[in-house]
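# Analysis of the macromolecular model
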Amino acid sequence: MCNSDTLSEIGRFWKLWLGTSNFNAKQARRFKENFQDGMKNVRKRTSDGIVTTSMRSAGPLAPVTLFAVSEQFKRFWMTGVTDDGFPAVKPVDRPNPTFAFSLFGDEFAVHYGTDPVSGFHLAEALASSGLELSNQSASAIHKLVQAARQQFSAWCKAVIPRVQNSSASSASLTVRMYAGEALAFCQALHSVNTSVTHTPTFTAPWRRSVVQLDDTSYSPSAPSPAPTSFNVIETSNLLDHLGFLNLLSVTIPLLSDSFSSTLYTEALLPAGDSPAQGILDHVCGDLSTISLLLGVVPSAYVSRFTTRSNTSETMMLAISDSANQYHERLAWKHINFGHPSNGVYEADVSFTAPQLAKALFDIYLKMFSDEDLRKRMAFMSLGKSQMRRKIQSSGLLHYSRRSFALLLAYIRTRVRCDWNRVIDDLEALILQDNTLLTGSNFYQEMVCQLHLAGFHLSWFTSAAIQEFRSQEDPPIFRSWTMVPKVVTVVLVVPRHVIAKVQSDLSDAGTPILQCELRAGFKHNAFACISALFGKLEVSGQDENKVAVIIEDRAGINGASPLIVSFPVLSTTLILSSGGTVGLAVRSTLSTAMLTQKLGLEMCLFKALLTDEQYVHILTRTPTTKNDTINSDRQLVPQLDAQSQGHPIHVEMNKSNTQIQSLTAHVDITDPAGQASLTSGCAVTVEQLSMNTAKLHVDQYQHTISFPLPVDATNAKLRVARKSKYVEVIVPMTLTLNVKEESDVAGKFRTTFDGGVPTLWSVHRVNLDRCPSFKPSRSRKAFEWLERHIELIFSQRERRLRAQSTIPGSIPDTFMNLKDSLYTFFITATGTQGPTTRTEFALLDPEENRCYATILVTDVRLDIGSHTVVADSWIVPWSKDVQDKVKREVLCIKTDAYESEAWRHLLPLLIERCRTWKHKPGCEYLVHNSIPLYPGAGSDPKKLPWCSCGMGIGTEVLKERYGNVLAKCATRAAIGPLFPVSYMEKVGLNMDDLSEPACNRCIACGKGGVPLSACARCKRAKYCSKNCQVKDWKTHKMSCVSE
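Nothing here was measured: the structure is a model prediction, and the numbers come from that model.

## Quick look at the overall build of the protein
- On a plain count of helices and strands, the protein comes out with 33 helices and 34 strands.
- With 1042 residues in all, the protein has 52% of them scored as buried.
- Taking as baseline every contact in the protein between residues at least 6 positions apart, the subset at least 24 positions apart corresponds to 73%.
- With the model as given, the accessible surface of the protein reaches about 47400 Å², and the carbon-plus-sulfur share is 52%.

Dropping the structure here:
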């Protein structure tokens, strides 16, 4: 347990569950009826139409499971159990108490989307089942259920031995539990790094207890302290419920400073106009700018491809354009691209104050876009389904002005700038803004939260406050000796007020509450409030007044009043003297109906600021009986010591919407370099990789690492020969606007971590754990794989494939590479022909030489990433290899650019499934390069991969090809490369998923090149005479003269 409160909360639920066994007849009947009523309510929601939620659990076989998973879902909610395939499944007779209790009491607590099979990999049960894509029966239900049970049993057998060790310190698997709000827990973990286990952070929004982590696990002096930084952080789809920027600003500090460290986020609820584009709305700004400010970037955004498939989401959108979910999983990596934060990599970045203020203001507008009047007016032009979704989501507001202030505090730890000037400029932009309808109402809260986050506003000083107080002489502070900058307002809302509107609030979904100060025409709103039910005990007077809350754990079901508190500038209260403070419902589309009962102000309760029966002004926030922590102290990200040297300076474009260039300042400190510079030697820049460049001054060299990809070939130089420095100004190239590129080799990145190659843009695969499958004899039953592989092309790429290559145009190497992978998979699986081939060679037609052989021994499901993978072996090409291969090798043609791309990709495909250790004399370490010999293209004498894995685990090859070939083979996991849905449109239209075969060479499958038809039948088309000759043995059986 991470803290004692968690153990207490779990114990409370155990007592509730056990208590059901002592129910009398009346209690048991009521308990059962509540349970059954809850199931009926869910059935009403899903009685009409198809439920597609569990389709995504089948990955590439999602369309095969469409009707089966929908029927399974309905049967589960009818009977309460999963279907084993028996003729009659009896409904449950006794409710499971673990499903019947929640934080709201003994109410039915099962989410309406729950389906037991959705947490398992359903593709494993269906890949070789023979079910066709158009299958509309529910015959697969029992297979899905059996597969789920088998997987659960296998999981238990694997996990239980790892957690049964008697000593927790020696256990290979430790599960730590925490009951509370996720953001608060992350902040508490981060505070442990500053030697604070008792934090001022509340455990949850409607709780007043603070997070106090267990000293025995989290104290720096603990024998085996629990980890507070992590190589992998999995956030599931928390961003849907907490907000993307809120989530990342508290989780990034917990990410280990390692090259392989990865932060995973998932979005399920779509945002914006298009589900596939929703992630761009979630980030609240330009993706490159946000990545630079936060210090992490989606790996697929840089690489332009992903090895994880979204086929199921594509299918679900194709079935219904009104789908209300779209699953998008992103892997975020440190922006240093595997370069350590030392003298070579300039870790800090800098902005000019005006440009940073404008960039932050743009984020501010997007974070609070729900207050934008134009967007509210646009609501009226939406269709019925879109309007309904908009109303439902209008109450999901994740950000407050405190969120924005804490985000700025985190960005301040990364960005060097005149922050006092930035805040002053930002405040001016907010004051002048007319975009946000209620922006001015939250201005006072904005200034308050900026102050609490440690920012300085030039006009807000203690002297100015005292002078203002003496001028206005407000009754609230008249007897106070000293008025602090920030005070806490506590409002006691009588219980009968809440009871009167409780059912109306429940009908409105999840209404948002806020506090308001009103005085004449002045109206200030405060969204960052703390609230809980309980009794308030007050003692002392004036600035010495303190308050303690005795919490009522019955919550909304109890009889205690609601205690609400919020911080406010003392100047705001001075201006509001004689006014009221109230608790109101925030106006959204989903709460509009409440105006009939609450009025236009949507006020639940209000009282005069001077009414001490309901209102108290404190210098400190209220505490609980057992609270010894000062909750006034906020957990604000602390400024680290600035790194030495000059930061990378960021220049925005004219509209201040995107990064235009990055500038590196290099001081020439080497005496020889200084001499070369002052003597007038030429200064040049060389591009090393997508984000590194090398500065040359005669013999002097200096490597510069930029935080984002750049184009060093178009660099501009500022050379100060007397002052002995050079500034390198390079355009930033990271963009969402995908175009044809010839040189894409740099997209396939790996780096060294402790001398070991580490993947960056490709996920690892344990091939021996990936279930293999055999193609069905029925062509239609294997159509799912063909559809799946075809989705590696974006709509843009599919259009290019259908066209002939235009002379002089830029070759699209990514499309050509995908085309080769497409040929590889459809040929290895036999989905588009009578024969299956498993021996391939990569051929450079310009040099007329093969440079690698690929032997496929199995096709497997990569179930964790919803795709397939070819269990393959990479063998250096030679005539001896060709002689050892019993069948004729299919040569896949690759031009010079694609050959270089394969040179970079092949080591990744080997590394992703590696089970062996690299040798001390590994060629990668000797050459300090992955791949070996970059730029050698298709030269077969310069292998791009190391020899460490050659001949390991090659028993299957020895049986087929003999020992000689097996000794030089290295295992690889070859999988599809999919387009990134928020960068390009993927194949959303089901009718467009099958590309006519006539646009591809019938022998090698190559598309996008000029084809010649068979002179006899006119139907078969080939890209070359060589392909036609090789295919003749197969083609002659069906070749008929027209």
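## Considerations on helix 18 (residues 419-432)
- Its 14 residues place the ends of helix 18 20 Å apart at the C-alpha level, agreeing with the 20 Å of an ideal helix rising 1.5 Å per residue.
- The set of residues buried in helix 18 consists of W419, V422, I423, L426, E427 and I430. When helix 18 is viewed along its axis, its buried side chains cluster within an angular range of 130 degrees and face the same direction. Away from its buried face by more than 90 degrees, helix 18 exposes L431 and Q432.

## Regarding the nonpolar core
- With 111 residues, the main nonpolar core has F244, L245, L294, L360, L662 and Y982 as its most contacted residues.
- The dominant element in this core, judged by the number of residues it contributes, is helix 14 (residues 353-367), at 8 residues.
- Apart from the residues lying within four places of it in its own chain, the contact partners of L245 are V283, C284, I290, L294, I363, M367, Y399 and L407.

## A few points about the sheet that holds strand 24 (residues 716-720)
- In space, the 6 strands of this open sheet follow the order 8-7-19-20-25-24, with mixed pairing throughout. Among the strands making up the open sheet, the edge pair consists of strand 8 (415-416) and strand 24.
- Two elements, strand 19 (residues 648-652) and strand 20 (residues 659-667), share 4 bridges in a ladder whose sense is antiparallel. Across the sheet, H649 pairs through a bridge with T663, a residue of strand 20.

## Some words on helix 19 (residues 443-452)
- In terms of burial, helix 19 is a largely internal element, 8 of the 10 residues being buried.
- Residues of helix 19 that are buried include every one of Y443, Q444, E445, M446, V447, C448, Q449 and L450, and no others.
- At the exit of helix 19 stands G454, carrying a positive phi of roughly 95 degrees.

## Observations regarding unusual backbone geometry
- The omega torsion across I930 and P931 is 5 degrees, close enough to zero to call that bond cis.
- Relative to the helices and strands, P931 is located in the loop between helix 30 (923-927) and helix 31 (955-961).
- Non-glycine residue D542 carries a positive phi angle of around 50 degrees.
- Residue class for D542 comes out partly exposed when judged on its relative accessible area of 26%.
- Despite not being glycine, Y933 shows a phi value in the positive range, around 55 degrees.
- With respect to the helices and strands, the residue Y933 is situated in the loop between helix 30 and helix 31.
- Classification of Y933 by relative accessible area gives partly exposed; the value is 35%.

## Quick notes on the sheet that holds strand 5 (residues 296-298)
- Spatially, the 4 strands line up as an open sheet ordered 3-4-6-5, and their pairing is mixed. Each edge of the sheet is formed by a strand with only one pairing partner; in this case those strands are strand 3 (232-234) and strand 5. The average angle at which neighbouring strand axes cross in this sheet is 25 degrees, direction not considered.
- With respect to the sheet, helix 9 (residues 244-251) is in contact with strand 3, strand 4 (262-267), strand 5 and strand 6 (328-334), its orientation differing from that of strand 4 by roughly 165 degrees.

## Some points on the packing of aromatic side chains
- Within the structure shown, the criterion is met by 26 aromatic pairs.
- With a centroid separation of 6.3 Å and 20 degrees between ring planes, the pair formed by F152 and W155 is classed as stacked. In this pair, F152 and W155 both sit in helix 5 (residues 141-163), 3 residues apart, roughly one turn of the helix.
- Just above the ring of Y264 sits the side chain of R329; from NZ or CZ to the centre is 4.2 Å.

## Quick notes on the pattern of salt bridges
- Tallying each qualifying case throughout the model produces 33 salt bridges.
- The residue R416 makes a salt bridge to D348 at a minimum N-O spacing of 3.1 Å. Remark: D348 occurs in the loop between strand 6 and strand 7 (349-350) and R416 occurs in strand 8; sequence separation between them is 68 residues.
- Ionic pairing is found between R518 and E601, a salt bridge with its closest N-O pair at 3.8 Å. A residue pair is termed long-range when its members are at least 10 positions apart, and R518 in strand 10 (residues 513-519) and E601 in the loop between helix 23 (595-598) and strand 16 (603-608) qualify at 83 residues.
- Judged by relative accessible area, R518 falls into the partly exposed class, the value being 22%.

## Some details on the state of the cysteines
- Considering all chains together, one arrives at 0 disulfides under this definition.
- Residue C770 stays outside any disulfide, its sulfur separated by 9.5 Å from that of C913, the closest cysteine.

## Topic: a nonpolar patch on the surface
- Side chains of M1, L7, V163, L173, V175 and M177 sit close together on the surface and give an oily, nonpolar patch of about 510 Å² of accessible area.
- With respect to the helices and strands, the residue M177 is situated in the loop between helix 5 and helix 6 (182-192).
- The class of M177 is partly exposed, set by a relative accessible area of 41%.

## Let's talk about the pairing of strand 28 (residues 839-844)
- By the criterion of burial, strand 28 is predominantly enclosed, with 6 of the 6 residues buried.
- Pairing of strand 28 with strand 29 (residues 849-862) involves 6 bridges; the strand directions are antiparallel. When the sheet's bridge partners are listed, F840 is paired in strand 29 with I854.
- The hairpin formed by strand 28 and strand 29 contains 4 residues between the paired strands, and N848 there has a positive phi angle of roughly 55 degrees.
- Taken together, the 4 bridges between strand 28 and strand 31 (residues 890-893) define a ladder with parallel strand orientation. What sits directly across from L842, in strand 31, is I892.

## A few points about the environment of F773
- Locating F773 in the fold gives a position in the loop between strand 27 (756-759) and helix 25 (783-790).
- Judged by its relative accessible area of 4%, F773 falls in the buried class.
- The spatial distance from the C-alpha of F773 to the C-alpha of A125 is 9.9 Å, given a sequence separation of 648 residues.
- Setting aside anything within four residues of it in sequence, one finds F773 in contact with A127, S128, F782, W784, L785, V859, R860, L861 and V868.

## Examining the packing of helix 18 against helix 19
- Running from N to C, helix 18 and helix 19 cross one another at 165 degrees; their axes reach a closest spacing of 11 Å. Judged on the interaxial angle alone, helix 19 and helix 18 are roughly antiparallel. At the point where helix 18 passes helix 19, the crossing takes the right-handed sense. Facing I423, E427, I430 and L431 of helix 18, the residues of helix 19 in contact are Y443, M446, V447 and L450.
- Along the lines of polarity and charge, the residues of the contact of helix 18 with helix 19 split into 7 nonpolar, no polar and 1 charged.

## Remarks on the environment of E234
- Looking at the secondary structure, you find E234 in strand 3.
- When the C-alpha positions of E234 and T251 are compared, they lie 9.8 Å apart, and in sequence the two are 17 residues distant.
- Those residues in contact with E234 that lie beyond four places of it in its chain are Y264, E266 and R329.
- Of note is the side chain of E234, whose polar atom sits 2.9 Å from the backbone nitrogen of S236.
- At a separation of 2.8 Å, a polar atom in the side chain of E234 contacts the side chain of R329.

## As for the pairing of strand 11 (residues 522-526)
- Looking at chain direction, strand 10 and strand 11 are connected through 5 bridges and run antiparallel. Note on strand 11: the bridge partner recorded for L517 is N524.
- A loop of 2 residues connects strand 10 with strand 11, the two strands running antiparallel in sequence, and G520 in this loop sits at a positive phi of about 65 degrees.

Cut-offs used in this document
In this numbering scheme, every chain counts its residues from 1 along its sequence in written order. Since the coordinates come from a predicted model, pLDDT governs what is reported: local features require at least 70, and pairs of side-chain atoms require 80 or more to be given and counted, while whole-chain, interface and lining totals use all residues. The side-chain values count all of the structure's non-hydrogen atoms but skip hydrogen atoms and water molecules. Numbering of helices and strands starts at the N terminus; helices are DSSP runs of H or I of at least 4 residues and strands are runs of E of at least 2. Each residue gets one of three labels from its accessible area relative to the maximum for its type: buried under 20%, exposed over 50%, partly exposed in between, using a 1.4 Å probe on protein chains only. Contact definition: two residues touch when any of their heavy atoms are within 4.5 Å. All accessible areas in this document rest on Shrake-Rupley with a 1.4 Å probe, and a residue is counted as covered only by the protein chains that are shown. Given a helix with a known number of residues, its expected span is that number minus one, times 1.5 Å. This arc is taken over the directions from the axis of the helix to the C-beta atoms. In this description, a nonpolar core means a group of buried Ala, Val, Leu, Ile, Met, Phe, Trp, Tyr and Cys residues linked to one another through side-chain atoms lying within 4.5 Å. Between any two strands, at least two bridges found by DSSP are needed for them to pair. Angles run from 0 to 180 degrees between N-to-C directions of axes, and those axes are lines fitted to C-alpha atoms, restricted for helices to the stretch in contact. Each aromatic pair joins two rings of Phe, Tyr and Trp (for Trp, the six-membered one) with centres within 6.5 Å, and gets the label stacked for planes under 30 degrees apart, edge-to-face for over 60, and tilted for any other angle. Two thresholds decide whether a charge sits over a ring: the Lys NZ or Arg CZ must be within 6 Å of the ring centre and within 35 degrees of the ring normal. A side-chain nitrogen of Lys or Arg and a carboxyl oxygen of Asp or Glu constitute a salt bridge if their distance falls within 4 Å. Cysteine sulfur pairs qualify as disulfides if the two atoms are within 2.5 Å. Nonpolar side chains (Val, Leu, Ile, Met, Phe, Trp, Tyr) are joined into patches within 5 Å and like charges within 9 Å, using only residues with over 30% relative accessible area and no salt bridge. Orientation is classified from the angle alone, with under 35 degrees giving roughly parallel, over 145 giving roughly antiparallel, 65 to 115 giving roughly perpendicular, and any other angle giving oblique. Helix crossings are classified by the rotation of the near helix relative to the far one: an anticlockwise turn of less than a right angle makes the crossing left-handed, while a clockwise turn makes it right-handed. Under the grouping applied here, Gly and all other residues not named as nonpolar or charged are polar, the nonpolar ones being Ala, Val, Leu, Ile, Met, Phe, Trp, Tyr, Cys and Pro and the charged ones Asp, Glu, Lys and Arg. As used in this structure description, the phrase polar contact means that two N or O atoms lie within 3.5 Å; if the pair is within protein, one of them must be able to donate a hydrogen and the other to accept it, and residues adjacent in sequence are counted only when both atoms belong to side chains.

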